[in-house]
Amino acid sequence: DIAGAAHANGGGFVAATATVAESAYVGPGAQVLDEAQVDGNARIEGQARVREEAFVGDNAIIRDHADVAGSARVYGDAIIEDQAQIYDAKVYDQAMIGGVTWLDDDGLSVFGSAKFYSTNSHKSNTVNEISGTAQFWGDVAIAAGSITQGIFFGQIGFGREDDDFYGSTRTE
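Residues numbered from 1 in each chain as written. Predicted model: local features only at pLDDT ≥ 70, side-chain atom pairs only at ≥ 80, totals over all residues. Heavy atoms only, no water.

1. Examining the packing of aromatic side chains
The full count for this structure, using the stated rule, is five aromatic pairs. Judged by centre distance (5.0 Å) and plane angle (10°), the ring pair of Y117 and W137 falls under stacked. In this pair, Y117 is assigned in strand β19 (residues 115–118) and W137 in strand β21 (residues 135–138), connecting sequence segments 20 residues apart. Exposure remark for W137: the relative accessible area of 29% places this residue in the partly exposed category. What links up through ring pairs into an aromatic cluster is the set Y75, Y92 and F111. Stacked on the ring of Y25, the Lys or Arg R43 has its end atom at 4.1 Å from the ring centre. (Phe/Tyr/Trp six-rings, centres within 6.5 Å; stacked < 30°, edge-to-face > 60°. Helix = DSSP H or I, 4+ residues; strand = E, 2+ residues; numbered from the N terminus. Buried < 20%, exposed > 50% of the residue type's maximum accessible area, 1.4 Å probe, protein only. Lys NZ or Arg CZ within 6 Å of the ring centre and 35° of its normal.)

This is how it looks when you write it as structure tokens:
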């Protein structure tokens, strides 16, 4: 058993070792575990979990069955949803991560209005930044530098992130 209690704002479980601001919302079924921190007006909804040393702040929303762990940082107006897993990466501004996307790289930042909705379990080993209006949909696998625009599907390898054929100039 894990020592803890229901959060006053929402009734979700907060471990005794975790820190959650009074202004934050932890809904029924949601969990904040280990040494995780939830601050500001952040919302943890559905069956979502924030655990280990992860931080969620500002107006960020973690919902559905999303899992934020490791040294992940999610803040601003970012949304993590569906079955997405964020482990060590930073997601902020108005970025949205969903599907079954798995971001597991402490050097990765996803920000701006970027969207990442993968239908596969994705481990990002070589991308430093996903930002601006960049969007990733479907069966995505990335091995590229920084990507700031375009709509991408499938594999995006080094040198392809700026190639029209692979989606760098798509806007819809």
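2. Re the pattern of salt bridges
This model, assessed by the stated rule, comprises five salt bridges. Put simply, R51 and E52 hold a salt bridge, and the shortest N to O gap is 3.1 Å. According to the relative accessible area criterion, R51 is buried, its value standing at 18%. The salt bridge partner of D67 is R51, with a shortest N-O separation of 2.8 Å. Here the residue D67 occupies a position in strand β11 (residues 67–69), and R51 occupies one in the loop between β8 (49–50) and β9 (55–56), the gap between them amounting to 16 residues. As far as burial versus exposure is concerned, D67 and R51 are alike and both buried. Residues participating in the shared-partner salt-bridge network are R49, R51, E52 and D67. (Salt bridge = Lys/Arg side-chain N within 4 Å of Asp/Glu carboxyl O.)

3. Some words on the sheet that holds β8
The seven strands lie next to each other as β1-β2-β5-β8-β11-β14-β17, forming an open sheet whose pairing is mixed. The open sheet has two edge strands, β1 (4–6) and β17 (102–103), and neither has a second partner. In this structure, β1 lies alongside strand β2 (residues 13–15), joined through three bridges in antiparallel fashion. What sits directly across from A5, in β2, is V14. (Pairing = 2+ DSSP bridges.)

4. Quick notes on the sheet that holds strand β18 (residues 109–110)
Spatially, the seven strands line up as an open sheet ordered β3-β6-β9-β12-β15-β18-β20, and their pairing is parallel. Every interior strand has two partners, whereas the edge strands, β3 (19–20) and β20 (129–130), have only one. Relative to β9, strand β6 (residues 37–38) is paired through two bridges, and the arrangement is parallel. Within the sheet, the bridge partner assigned to V38 lies in β9 and is V56.

5. Side note on unusual backbone geometry
In this structure, D82 takes a positive phi of about 60° despite not being glycine. A relative accessible area of 25% places D82 in the partly exposed class.

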